[in-house]
Amino acid sequence: MMNLPKDFIYGAATAAYQAEGAIQENNKGKTYWDDYLAEQAIFDPSNASDFYHLYPEDLRLAKEFGLNGIRISIAWTRIFPDGIGQKNEAGIAFYHQLIDTCLAEGVEPYVTLHHFDTPQPLYLEGDWLNRKNLDYFLAFAKVCFEEYGHKVTKWITINEPWSVVAGQYIVGHFPPNIHYDIPKAIQAMHNMMLAHAKVVTLYKDMNLPGEIGIVQILESKYPITAANEDIAAAHLEDTLANRFMLDAMFKGFYTAETLATINMILAKNNGTLQIEASDRLLLETAAKQNDFLGVNYYTSHFLKAYEGENRIHHNGTGEKGSSVFALKGVGERVFNPDIPTTDWDWPIYPKGLYDMLVRIKNDYPNYQKIYVTENGMGYKDDIIDGEIDDTPRIDYIEQHLEAISIAIKAGVNVKGFFLWSLMDVFSWTNGYNKRYGLFYVDFDTQNRYPKKSAYWYKNLSLRN
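Residues numbered from 1 in each chain as written. Predicted model: local features only at pLDDT ≥ 70, side-chain atom pairs only at ≥ 80, totals over all residues. Heavy atoms only, no water.

Observations concerning the packing of helix 10 (residues 228–251) against helix 11 (residues 256–268)
The angle between the axes and the distance between the axes are what describe a pair of packed helices. Viewed as axis vectors pointing N to C, helix 10 and helix 11 meet at an angle of 130 degrees, and their least axial separation amounts to 10 Å. Between helix 10 and helix 11, the angle is such that the two are oblique. The hand of the helix 10/helix 11 crossing is left-handed. Contacts from His235, Leu236, Thr239, Leu240, Arg243, Phe244 and Asp247 in helix 10 reach Glu257, Thr258, Thr261, Ile262, Met264 and Ile265 in helix 11. Looking at the contact of helix 10 with helix 11, its residues break down into 6 nonpolar, 4 polar and 3 charged. (Axes fitted to C-alpha atoms, helices over the stretch in contact; angles between N-to-C directions. Helix = DSSP H or I, 4+ residues; strand = E, 2+ residues; numbered from the N terminus. Parallel < 35°, antiparallel > 145°, perpendicular 65-115°, else oblique. Left-handed = near helix turned anticlockwise from the far one by under 90°. Contact = heavy atoms within 4.5 Å. Nonpolar A, V, L, I, M, F, W, Y, C, P; charged D, E, K, R; others polar.)

Written out as structure tokens, the structure is:
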């Protein structure tokens, strides 16, 4: 039986580029997505869910349907169109209005500073591989804290560093579409954790009345058999995608075991990790000041040993069974016949969330609290007779909330849950055919329609 605390946050999540639209309005600058998507001419993010204009309606719906928290992000290029230089007062004013409306509706904003949307000029200078970007990001964060820090009390530095670097340098479905460059991915993750540390330290130095953390996508890794080589493969991918950044956040350094494993992966991929002498002090300082960890969880993976070259096929269309993910020096993800999957080949495994939450409590006892900042099910929703019956999504959410409830009983301090997403939004690699929202969006009219899951989630939050 699900038993969640009385002060639990029942939220939903959005992201600026995926929800706002208005990508050229009021002096907004380009992110690295704009030209890339225009050149591909497959998906058009220009309007997305038009949250830029319709946020009052969306926040009214959030309140009406029992939500008391929402994740939003501040588009860096609305504040600094070029990433640095002259501030854009129109962008600053927009987020004042958005945040004020959140607060007026009683839906607390959890504000993310970087959600997959580096400004185009800074991306062209190397993005997170360029250490100058750390200070550019710090300057952006400082303006946000000065403008909104007296009324926003929950801040997130960066959303899903692993997803960023995997998309950019391993899978190659984010710009610059580099495939299989694991060394670049590792270096960028290290630099992003330094950027996080810089921003956390700044926030604490400013004595603002709130909390700050980071959001990591954390997927439990399991060997497909009890064979030693499969156990080793699961350990390798877990260290690459999970432990490397968790160590940086909570310990303030990479343990000898973590660093040895990372160096083993790098050696097999002809790379090295550059760590400067000052990096450890920066990480250690921030490790004592993190207020929370945001865990984005959608799936877990089963691994077998793999000694071949890199092979990846990203299932971006919902063609079930088409995914391939095998990394040189790491392992190969395989299907577990006992575990169901979504149309996009993501194993539906709530136990993986429970295991991850308990693992954080046990491995990093200095953690303060956890929010599950994204969880949800991509589904091909259809309107039938004026209704959207997304019962599989309800089942998915309920199973994962039950896993959270069990983790709380096991002593994990989980304070809230944010469904991805509030309304249907633009998806980076799927466009508009993969829907997650509580509210169905007709992208031709921008009308919103509550799904069956919206009514279920409302009843859950009100009941508790």
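Now that the structure has been shown, we can carry on.
Description of the nonpolar core
The biggest cluster of nonpolar side chains holds 154 residues, and the ones touching the most others in it are Tyr148, Trp155, Trp162, Leu240, Leu401 and Ile404. The biggest single contributor to this core is helix 9 (residues 182–205), with 14 residues. Once residues lying within four places of it in the same chain are set aside, the contact partners of Trp155 are Ile74, Val111, Leu113, Cys144, Phe145, Tyr148, Gly149, Tyr203, Glu211, Ile212, Gly213 and Phe292. (Core = buried A, V, L, I, M, F, W, Y, C linked by side-chain atoms within 4.5 Å. Buried < 20%, exposed > 50% of the residue type's maximum accessible area, 1.4 Å probe, protein only.)

A look at the pattern of salt bridges
All told, the structure shown has 33 salt bridges when counted by the stated rule. Salt-bridge contacts for Arg448 lead to Asp58; the nearest nitrogen and oxygen are separated by 2.8 Å. With Arg448 in strand 15 (residues 447–450) and Asp58 in helix 3 (residues 51–64), this pair connects stretches of sequence that are 390 residues apart. Here the two residues Arg448 and Asp58 agree in accessibility, since each one is buried. Salt-bridge contacts for Lys221 lead to Glu237; the nearest nitrogen and oxygen are separated by 2.8 Å. (Salt bridge = Lys/Arg side-chain N within 4 Å of Asp/Glu carboxyl O.)

Some words on the sheet that holds strand 8 (residues 301–304)
Ordered in space as 6-8-11-10-9, the 5 strands form an open sheet in which the pairing is mixed. Of all strands in the sheet, those bounded by a partner on one side alone are strand 6 (221–223) and strand 9 (311–313). Across the sheet, the mean angle from the axis of one strand to that of its neighbour is 35 degrees, orientation sign disregarded. By the bridge criterion, 3 bridges tie strand 8 to strand 11 (residues 331–334) in an arrangement that is antiparallel. Considered in strand 11, the bridge of Phe302 is made with Val334. (Pairing = 2+ DSSP bridges.)

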